[in-house]
Each structure stands twice: as C-alpha cells, then as structure tokens.
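What follows is each chain in one-letter form.
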Amino acid sequence: MEKIFFTSESVTEGHPDKICDQISDAVLDAALKADPNSRVAIETFVKTGFVIVGGELTTKAEYINVQKIARDTLIAIGYDNGEVGFNGHNCGVLESISEQSHDISIGINSHHGAGDQGMMFGYACDETEELMPLPISLAHKLTRQLAKVRKNGTLDYLFPDGKAQVTVEYDDNVPARIEAIVVSNHHKKSVTQKTIHADIKKHVINPVCGKFMDADTKIHINPTGAFTEGGPVADAGLTGRKIIVDTYGGFGRHGGGAFSGKDATKVDRSSAYMMRYIAKNLVAAGLCKRCEIQVAYAIGEADPVSLFVDTFGTGKLPNEKLAKIIRKEFSLTPKGIIEHLDLKKPIYLSTAAYGHFGRNSFSWEKTDKAEKLGKYL
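About the cut-offs
- Every residue gets a number counted from 1 within its own chain, in the order that chain's sequence is written.
- For this predicted model, a pLDDT threshold of at least 70 governs which residues receive local features, and a threshold of 80 or more governs which side-chain atom pairs are given and counted, while totals over whole chains, interfaces and linings are taken from all residues.
- Side-chain metrics in this entry use all non-hydrogen atoms of the structure; hydrogen atoms and water are not considered.
- Paired strands, as defined in this entry, are two strands with at least two bridges between them according to DSSP.
- Secondary structure elements are defined from DSSP: runs of H or I of at least 4 residues count as helices, runs of E of at least 2 residues count as strands, and each element is numbered from the N terminus.
- The axes are straight lines fitted to the C-alpha atoms, using for helices just the contacting stretch, and the angles between their N-to-C directions are given from 0 to 180°.
- Contact definition: two residues touch when any of their heavy atoms are within 4.5 Å.
- When accessible area is computed with a 1.4 Å probe and restricted to protein chains, residues below 20% of their type maximum are described as buried, those above 50% as exposed, and intermediate ones as partly exposed.
- Small angles under 35 degrees read as roughly parallel and large ones over 145 as roughly antiparallel, with 65 to 115 read as roughly perpendicular and the rest as oblique.
- Left-handed describes a crossing whose near helix is turned anticlockwise from the far helix through less than a right angle; right-handed describes the clockwise counterpart.
- Gly counts as polar in this scheme, as do all residues outside two lists: the nonpolar Ala, Val, Leu, Ile, Met, Phe, Trp, Tyr, Cys and Pro, and the charged Asp, Glu, Lys and Arg.
- The working definition used for a salt bridge is a side-chain nitrogen of Lys or Arg within 4 Å of a carboxyl oxygen of Asp or Glu.
- Multiplying 1.5 Å by the residue count of a helix minus one yields the expected span of that helix.
- Between 30 and 60 degrees the pair is tilted, below 30 it is stacked and above 60 it is edge-to-face, where a pair is any two Phe, Tyr or Trp rings, Trp via its six-membered ring, whose centres lie within 6.5 Å.
- Either the NZ atom of lysine or the CZ atom of arginine qualifies as a charge over a ring when it sits within 6 Å of the ring centre and within 35 degrees of the ring normal.

Colleague: Please set out the sheet that holds strand β13 (residues 306-310) residue by residue, giving values where relevant.
Modeller: Strand order in the open sheet made by the three strands is β7-β12-β13, with antiparallel pairing throughout. Of all strands in the sheet, those with a lone pairing partner are β7 (118-125) and β13, marking the two edges. Ignoring strand direction, the axes of neighbouring strands in this sheet form an average angle of 15 degrees. With five bridges connecting them, strand β12 (residues 290-297) and β13 associate as antiparallel partners. The residue of β13 that forms the bridge with Ala296 is Ser306. Those strands touched by helix α8 (residues 267-284) are β7 and β12, and its axis lies near 30 degrees from that of β7. Packed on one face of the sheet, helix α9 (residues 319-329) meets β12 and β13 and runs near 130 degrees to β13.

Here is the structure:
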C-alpha cells in the first residue's frame, strides 16, 4: 500500500488575519442587511492599536457605521482589554471607502456577468461525514475547541490568537491515523507551560482527535516554549491571507481569490461556493469518491469560459460525461448561482472563521441534488 502524510492547518477567530476577514464580512453583512443588492469589496488591515478598513462599497443603505462594526467585531472575538494586547473599545479605526468602479458595474448590471475574471475550484471527498478532507476537518475542530474552552472559562488563561495543525497518515488514499498534532495559543504570562500542555491535551486535543491517535502520534503544544505575545501586537493581519485555511487545507487546488469582504457578484466567492456544492452532491450521489471542479469566467460575461472535472480515478462515469451533467443540472452563471444558493442574505460573518466549507448551516453544503444526480448511475 502507498503510504503518505498530509498536513492541514486552521487558525482561531483571534488570529490577526481572521480578525480582518471577520471585520470585512461584518461590513458586508451590514450592507446586505440594508440593501441586498449592495456591491461590496472590503479589505481590512490590523496592527498594534489600530484598524484600517478600505475598499469599494455601493449601496442604498443610508449609513454603514464601519467604526462601530470593527469595534463590535473585535470585542466579540475577545479583544476587549489591555491585557490581551488589543482593545476594541479604544483602538484607532480608519476607513477609506469609495464606490464600485463604473466599468465593472456596467458588465454586472447589463449582462448579469461576473464581477471579475478568474478561475475557482470546488472539492469534496468521502473521508468525513461532511465530505471534507480529514486533516482540515480536524484542524478546524481543534481551533473551534480552543475558542470554546477560552470563552466558557475552562481555560480562562487563553487569549484569542491560536493555531492548530494536523498531519494524517493515509494508506492507499484512506485515512489511517494521526501522525502529528501542533497546537499553539496565546496565553497569560502567569501560567506555566506544564499546565498549558496538560490542559490543551485534556480539553482540546483528546476530545477532538482521540479516536484517530495512537501511541506514536506526536503532539506539539506551544513548541517555542511560550506564546505570551500574540494577536495584532505580534503580527499584522490582512483580509484574504488564509485562503487555504478557508477552503480544503491544501487538498485540491485553489484559484487564488479570497472570499471575505466580497458580495456574491464576485465569482471568487460565489462560484467557489457553487463548485463546492456541485462536488459535494456528486460525491453524495455516489458518482465518485473524490471530486475537484474548476470553472473560469471573463469579467462582465455570464457563462463560464471553461469547466473541468477530475475524480482522480474514482468516478463511476468519465470526467467528460460528468462535466456535461453539471452543465445540464446546474446554473453556472453568477445570477443563477446567487439565486440557487440564496447569496444576497447577510450570512457572511459566520463564514469568516473556521472554514467556509464543511458546516451544514450553509446553503452550499446541502446535498439536495444527490438523489437526482444518482439517476445517472
């Protein structure tokens, strides 16, 4: 059997880049709540003591209070006091926002075309119940657990910034065990590493990964020995820098476009969601065990310029046949995608941490087409 090791990482909601993703998506949600047809492309930057929010925003909303949105988001994450190193109550918030380019809006409004050129990928596999690769699934669960034990007081010495990484051993493309786990979390200076190691293993790692671990699994907790400087004090944050965390943890390919801060006319986001939806339904229908789909668009044009399907040898039908089925059964235009997935609602802040895929609360995670697709078998 061929043995390989594959690693994926996740970061907590308090990671500087994820702070920025959440602020950008919180601004997007505020605009969509007031005007579902808002056009939004917002970027955020954070560093010690200040936040910068910039980009494009065209909306019928009377007023979007960007400063309040940024502060509320920071406070909800846990950046609400000086000890953490960043305080949403009194940090500086700067904004530089203009309307969307007229040249872009013409193509979107008149042709229901794509808001930009580019290629997007979707991926699904049968390794987990949510049809996601196991390494990224476990990494997200670890970071969510870090946030949970911090917020409920179980480990009240933890701060919002943290990371997790999981290495899975595969035998012939089937997950066999966890080879290694890395967990790092910003913490109070007063707590010892011995306490942190014991607590993280007991309250975070074992509940999430226990059944996949064995005596040879390597565990690394705060491997540098301490993590007493974290958040924007230690590292600058920027929207869109965690695109692999946001998607499949390195499994499958990525078109390069980030998600957060963009409304659904930006196919970087909406089409990536649609490709995930289609890939997941193909796997759920039993047409393949693994599936990756690429689609590409020209700015201002509605129909994609290309569609590519790869089932990595697991398909019950040829890839070319699956591509024809996709074009027949799914709308691939930006307008059709937005309508089918109901993407004009203010739902995006909840996507901005712990991955955009693998959580059944999102419309693109439904497998409601699986039964119909199964008839092609």
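Colleague: Explain the environment of Gly54 to me, and be specific about the residues and the numbers.
Modeller: Positionally, Gly54 belongs in strand β3 (residues 50-58). Residue class for Gly54 comes out buried when judged on its relative accessible area of 16%. Linking Gly54 and Phe5, residues 49 residues apart in sequence, is a C-alpha distance of 40 Å. The residues contacting Gly54, other than those within four sequence positions of it, are Ala41, Ile42, Glu43, Ser96 and Ile97.

Colleague: Any chance you could break down the packing of helix α1 (residues 16-34) against helix α2 (residues 66-77) for me, citing the residues and the numbers?
Modeller: At a minimum axis separation of 9 Å, α1 and α2 run at an interaxial angle of 130 degrees. In terms of orientation, α1 and α2 fall into the oblique class. Here the hand of the crossing between α1 and α2 comes out right-handed. Contact residues: α1 offers Ile19, Gln22, Ile23, Ala26, Val27 and Ala30, while α2 offers Val66, Ile69, Ala70, Thr73, Leu74 and Ile77. Of the residues in the contact of α1 with α2, the class split is 10 nonpolar, two polar and no charged.

Colleague: So, unusual backbone geometry: which residues are in play, and what are the values?
Modeller: Residues other than glycine seldom take positive phi values, yet Asp172 does so here, at roughly 50 degrees. Within the secondary structure, Asp172 sits in the loop between β8 (158-171) and β9 (174-187).

Colleague: Outline the pattern of salt bridges, listing residues and values.
Modeller: On inspection of all chains with the given rule, the structure shows 23 salt bridges. With its nearest N and O atoms 2.6 Å apart, the salt bridge here joins Asp72 to Lys68. Of this pair, Asp72 and Lys68 both sit in helix α2, four residues apart, roughly one helical turn. Overall, Asp72 belongs to the partly exposed group, its relative accessible area being 38%. Classification of Lys68 as partly exposed rests on a relative accessible area of 47%. What you see here is one network of salt bridges that share partners, running through Lys3, Glu169, Arg177, Glu179, Asp214 and Lys218.

Colleague: So what's going on with α1? Which residues, and what values?
Modeller: In this model α1 runs 28 Å from its N-terminal to its C-terminal C-alpha over 19 residues, within 8% of the 27 Å that 1.5 Å per residue would give. When you tally the buried positions in α1, you get 16 out of 19 residues, the bulk of the element.

Colleague: Just give me the short version of the packing of α8 against helix α10 (residues 334-341), but keep the residues and values in it.
Modeller: Direction vectors running N to C along α8 and α10 enclose 65 degrees, while the axes themselves pass 10 Å from each other. Every pair of crossing elements has a handedness; the one defined by α8 and α10 is left-handed. In this structure, α8 contributes Val267, Ser270, Ser271, Tyr273, Met274 and Tyr277 to the contact, and α10 contributes Pro334, Ile337, His340 and Leu341. A class-by-class count of the residues in the contact of α8 with α10 yields seven nonpolar, three polar and no charged.

Colleague: Quick one: what's the story with the sheet that holds β8, residue by residue and with numbers?
Modeller: Reading across from one edge, β1-β8-β9-β10 is the order of the four strands in this open sheet, with mixed pairing throughout. With one partner strand each, in any of the chains shown, β1 (3-11) and β10 (218-221) form the two edges of the open sheet. On average, each strand axis in the sheet is inclined to that of its neighbour by 15 degrees, with strand direction left out of account. Of the pairings in the sheet, the one linking β9 to β10 comprises four bridges and is parallel in character.

Colleague: If you had to explain the packing of aromatic side chains to someone new, which residues and values would you point to?
Modeller: Scanning the entire structure with this criterion turns up 14 aromatic pairs. Ring plane angle 40 degrees and centroid distance 4.2 Å describe the contact between Phe6 and Phe251, whose orientation is recorded as tilted. You can see Phe6 sitting in strand β1 and its partner Phe251 sitting in the loop between α7 (243-246) and α8, a full 245 residues away along the chain. Since its relative accessible area comes to 12%, Phe251 is described here as buried. Aromatic pair Phe259 and Tyr273: ring centres 5.5 Å apart, planes at 65 degrees, arrangement edge-to-face. Here Tyr273 lies in helix α8 and Phe259 lies in the loop between α7 and α8, a separation of 14 residues in the sequence. The same class applies to Phe259 as to Tyr273, namely buried. The rings of Phe6, Tyr123, Tyr170, Tyr248, Phe251, Phe259, Tyr273, Phe312, Phe357, Phe362 and Trp364 are connected pair by pair, giving a single aromatic cluster. A cation over a ring is seen here: Arg290 above Phe312, with NZ or CZ 4.2 Å from the ring centre. Above the face of the Phe330 ring, Lys369 is positioned so that its terminal group lies 5.4 Å from the ring centre.

Colleague: How would you explain α2 if you had to name every residue and give the values?
Modeller: Structurally, the α-helix is built with 3.6 residues per turn, so residues lying three or four positions apart point the same way. Its 12 residues give α2 an end-to-end C-alpha distance of 17 Å, which sits within 8% of 16 Å, the value for a rise of 1.5 Å per residue. For α2, the set of buried residues is Val66, Ile69, Ala70, Arg71, Thr73, Leu74 and Ile77. The inward-facing, buried residues of α2 abut α1, β3, β5 (86-87), β6 (92-98), α4 (134-151) and β8.

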